[in-house]
Structure formats: C-alpha cells, structure tokens
Amino acid sequence: MLYRRREYTTLIRRLEEKRRFMQIVIGPRQIGKTTLIKQVLGDLKERYLYCEVTRPQATAGFIRTNWDLARETLSRYQLNSVILVFDEIQLIPQWSEYVKKEWDDDTFHDRNIKVVLSGSSRLLLLNGLNESMMGRYEMLHMAHWDFGEIHENFGLDFDDYILSGGYPVMADMLRDATDRKGDFYQRIRNYVNNSLLQAIIRYDLEVDTDLGKGKSVLLERLLEMGCRYSGQIVSVNKLAGELQEAKSRLTIAKYLKLLEESCTLSCLQKYAADAMRRRASAPKLQVWSNALKLQYLNADRETLRSDHAEWGRIFESAVGAYLLGRSYVEGFEVHYWREGSLEVDFVLQKGSQIVALEVKSNRETYTEGMGAFIQKFRPQRTLVVGPAGIRAEDFMSMSVSDVFDRH
C-alpha cells in the first residue's frame, strides 16, 4: 500500500464534509500532490471525475466541458455528490474566472459538486487567486517529505535523507541502489536537473511569466549560484558582479523573487525589529530542498561526508530547507541574524514570538552570536540542532510550530 502523508487525513476529512469550499492543493514539484489526491479519491465512496490538464487542453472550454460532465453524472445517477478534480489547473489561462463562474452556478442551483484543484504554488497564488475568489476556497499546503516520512517509507538513514532532499523518487532510487559507484550519482543529478530544475525554468518560469522563451540563461546561472551558496549571506550586488551583470541588479532581484515563488530558492532577510532594516539587509540564500545544493557539488556521499567543513555547510542547508518547507505549511517566518562577526543561523518568528536556532554538526552548544542575540532581543526560546542539542533526525521529523509557546 502506498504511503499516506499527513495531508491525506486533512483532505479526505474536508471532502467528507458538506460542500463549503473548493480545496486547493499546492506545493513544490515532485513531492506527491497528485498521488495524494488519487489516494483520497480511491478511498472515498463517492463518484469522481479526475481531469489532468495538459497544454493542448489548456483552454476555458476544458473546464466547462468537464464541469458539465460532472453535472450530468450527478443528475443521471441521482447521486448525492460528485467530486471534480482539475490537476495542474494553472495551465489554463485565466482559470480562476471560469472556475468561479461554474462554482457560483452550482452554488445557486444547489448542485453538490465538490471541487479539488492542484498546481504550482506560485501560479495558483499569484496568477489565479484574486479577490474575486475570496471566500470560495481553502488551501492545503504540502512541503518536501520530512526525515520521519522518508525513513518510515524507504528505510533510509539521515545522511541519505539529506541526499534525497525530501523527494520520494530520489529516496526510492537510493534505497534500491545496489552499487552507488560509477554512474549512480550522475543519474541522481540528471533526475534533479531534468525533472526539477529544467521543469521549473522551462514550464513554471519561462512559459508562464513575462520572462519569455529563450531568455532564461541568466536565470539558470543565478539558480546555480544560489544553490551553490545555499546557507550563505550574499548581497545582490555580489551576485550581479559574479554573474557579470552589473547593470541588471533589478533583474536579478526579480528573478530571485520568481525562484522563491516557485519554491526553489529563497532569500532570507536579516532579523530586525524594524521591517525597513530587514528589507535593506543582504539576503541569506536558502534552497527549498538540499537536493538542489547537492546537484552542483558533483561528489558522492562518502566524499562529502569525509569533508567536515563541506558537510557542515550541507548540514546547515538541509536544516534551512526543512525550516522553509515547514514555514510554508505551518505559517511562521524564517530569518537569520548577523551583526559584525556575530551570527545566529536562523531566527523563527510567529506573531510576537521569536526562537533563535543554531545548527551544529559537531558537539558545540554555545556561540557568542547566540549570546549577543539573547541579550538584544530576548527570544522566547533558543535551540541547537545537532549532536549536542536536538538530534537533526528528530527535529526534521517534527512540527516546527511546537518550538513556540514552550517554556
């Protein structure tokens, strides 16, 4: 039986309720959104219509035709309800206008058609969910798999979890590999490049934004730099200089925003009481999955593990990626803090509460940066993730929201 993620329970419970909201399942590519929806449909005792949108079908007529088919099914078989699913709905231009029209028509005529939509988070949130859709939907955010899920389903240890980046396909490849030498890691890198990076650039960004076809060279170079520097504080000016695009700082800032909206690479702001100071700070680059950082290191597990300095950077980047994913699902903010030579790896904020978090791959428990941060901001809690604090395996299996409201 296929593994059921925790979001399965949420979605099936919502669809068992009376028709109230459209359900929108969003999250990064290749983490199992479609699988989750199909599992729920298979277990519910309701008739459903599953519609996978592809680019040749990406017209308003596709929505209307399938919606009418759901209505016909409801009427012909005198059913109590029908579930209608549009997978990759964002491929249809102005999809929200047509979905709203059909949904409102069902509401007016008391048709019990429950609707599930899925797609990329950036496109759904920014290009479709405008004010006219307000009050008609609720979100189900999904993130990369945590260590507990990967370990339970694939039996991988923590180092392999870091290598898989929370992607189930990569975890499956690592589990089944009998020989990890030779071309195996190149095969892993090919998967990341073809199924993740190129798909994000060619379909999510190049086609569906004003980036435009054939203009993605700078974006690709920026993404590579961002993945390599994940876990490091790098100014936009420095990125422009290394990319030899000194006149394109605004373009680089725009591309960084696009990468963040596609759940690929984020720029963490420095924590400060003043919001203006946060926005003016140099960003800390952070991938959403460590598989993206490892894509550009071109080494196997044993080589990476034997380089203590490199592994420390990989370890911190993995924790940062987990924090980003959980912030997306649980609704808290992720920052860093630095003043002079003093630094705190991550600062988590939820409302008025702040938690300072240090990542240590060794047994160190205290830093001068943490001491200075405590004195200046008085966080509700401080944490060390690593051998001398909370084990990374435990931390990257838990709800991060649990660290708030603890004394």
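Residues numbered from 1 in each chain as written. Predicted model: local features only at pLDDT ≥ 70, side-chain atom pairs only at ≥ 80, totals over all residues. Heavy atoms only, no water.

**Focus: unusual backbone geometry**
(1) Moving on: Positive phi, close to 65 degrees, is recorded for E88, a residue that is not glycine.
(2) Moving on: Along the chain, the position of E88 falls in the loop between β3 (82–87) and α4 (95–108).
(3) Moving on: With phi around 55 degrees, R378 is a residue other than glycine that occupies positive phi space.
(4) Moving on: Looking at the element boundaries, R378 is found in the loop between α17 (368–377) and β11 (381–385).
(5) Moving on: A relative accessible area of 59% places R378 in the exposed class. (Helix = DSSP H or I, 4+ residues; strand = E, 2+ residues; numbered from the N terminus. Buried < 20%, exposed > 50% of the residue type's maximum accessible area, 1.4 Å probe, protein only.)

**Concerning the pattern of salt bridges**
(1) Moving on: The tally for this structure, following the rule as stated, stands at 33 salt bridges.
(2) Moving on: For R71, the salt bridge is made with D68, and the minimal N-O distance between the two is 3.1 Å. Highlighted residues: R71 and D68, both in helix α3 (residues 60–76), separated by three residues, approximately one helical turn.
(3) Moving on: Judged by relative accessible area, D68 falls into the partly exposed class, the value being 31%. (Salt bridge = Lys/Arg side-chain N within 4 Å of Asp/Glu carboxyl O.)

**Re helix α1 (residues 6–16)**
(1) Moving on: Among the residues of α1, those classed as buried are E7, Y8, L11, I12 and L15. Taken end-on, α1 shows its buried residues confined to a sector of 130 degrees, consistent with a single buried face. (Arc of directions from axis to C-beta.)

**Notes on the packing of aromatic side chains**
Aromatic ring pairs are reported here in terms of the distance separating the ring centres and the angle at which the planes meet.
(1) Moving on: Under the definition given, this model contains 17 aromatic pairs.
(2) Moving on: Relative to F158, the ring of F147 lies with its centre 5.6 Å away and its plane at 70 degrees, an arrangement referred to as edge-to-face. With F147 in helix α6 (residues 147–154) and F158 in helix α7 (residues 158–164), this pair connects stretches of sequence that are 11 residues apart.
(3) Moving on: A relative accessible area of 9% places F147 in the buried class.
(4) Moving on: F158 gets classed as buried once you look at its relative accessible area, which sits at 9%.
(5) Moving on: Directly above the aromatic system of Y8 lies the positively charged group of R4, at a separation of 5.0 Å from the ring centroid.
(6) Moving on: For the cation-ring pair, R47 lies above Y77, with the distance from its terminal atom to the ring centre recorded as 4.5 Å. (Phe/Tyr/Trp six-rings, centres within 6.5 Å; stacked < 30°, edge-to-face > 60°. Lys NZ or Arg CZ within 6 Å of the ring centre and 35° of its normal.)

**Describing the packing of α6 against helix α8 (residues 168–176)**
(1) Moving on: With their axes 10 Å apart at the nearest point, α6 and α8 run at an angle of 45 degrees to one another. Taken as axis vectors, α6 and α8 run oblique relative to one another. In the crossing of α6 with α8, the sense of the turn from one axis to the other is right-handed. When α6 is examined against α8, the residues I150, N153 and F154 are found in contact with a partner set consisting of P168, A171, D172 and R175.
(2) Moving on: Within the contact of α6 with α8, the residues separate by chemical class into four nonpolar, one polar and two charged. (Axes fitted to C-alpha atoms, helices over the stretch in contact; angles between N-to-C directions. Parallel < 35°, antiparallel > 145°, perpendicular 65-115°, else oblique. Left-handed = near helix turned anticlockwise from the far one by under 90°. Contact = heavy atoms within 4.5 Å. Nonpolar A, V, L, I, M, F, W, Y, C, P; charged D, E, K, R; others polar.)

**Some remarks on the sheet that holds strand β9 (residues 342–350)**
(1) Moving on: If you walk across this open sheet you meet the four strands as β8-β9-β10-β11, and the pairing is mixed. The strands lining the two open edges of the sheet, one partner per strand, are β8 (333–339) and β11. Neighbour-to-neighbour, the strand axes of this sheet turn through a mean angle of 30 degrees, independent of strand direction.
(2) Moving on: Pairing of β9 with strand β10 (residues 353–359), which is carried by five bridges, proceeds in the antiparallel orientation. Each residue of the ladder has a partner; that of Q349, found in β10, is I354. (Pairing = 2+ DSSP bridges.)

**A word on the sheet that holds strand β5 (residues 137–141)**
Hydrogen bonding along the main chain pairs the strands of a sheet, whether they run parallel or antiparallel.
(1) Moving on: Strand order in the open sheet formed by five strands is β2-β3-β4-β1-β5, with parallel pairing between adjacent strands. A strand with exactly one partner marks an edge of an open sheet, and here the two such strands are β2 (47–52) and β5. Within this sheet the neighbouring strands show an average axis-to-axis angle of 20 degrees, counted without direction.
(2) Moving on: Lying over the sheet, α4 contacts β1 (22–26) and β4 (113–119), oriented at roughly 165 degrees with respect to β4.

**What to know about helix α16 (residues 308–330)**
(1) Moving on: For α16, spanning 23 residues, the distance from its first C-alpha to its last is 32 Å, which sits close to the expected 33 Å at 1.5 Å a residue.
(2) Moving on: Of all 23 residues making up α16, 19 are buried, and the element is well covered by its neighbours.
(3) Moving on: G331 occupies a position one or two residues after α16 and carries a positive phi of about 80 degrees. (Expected span 1.5 Å × (residues − 1).)

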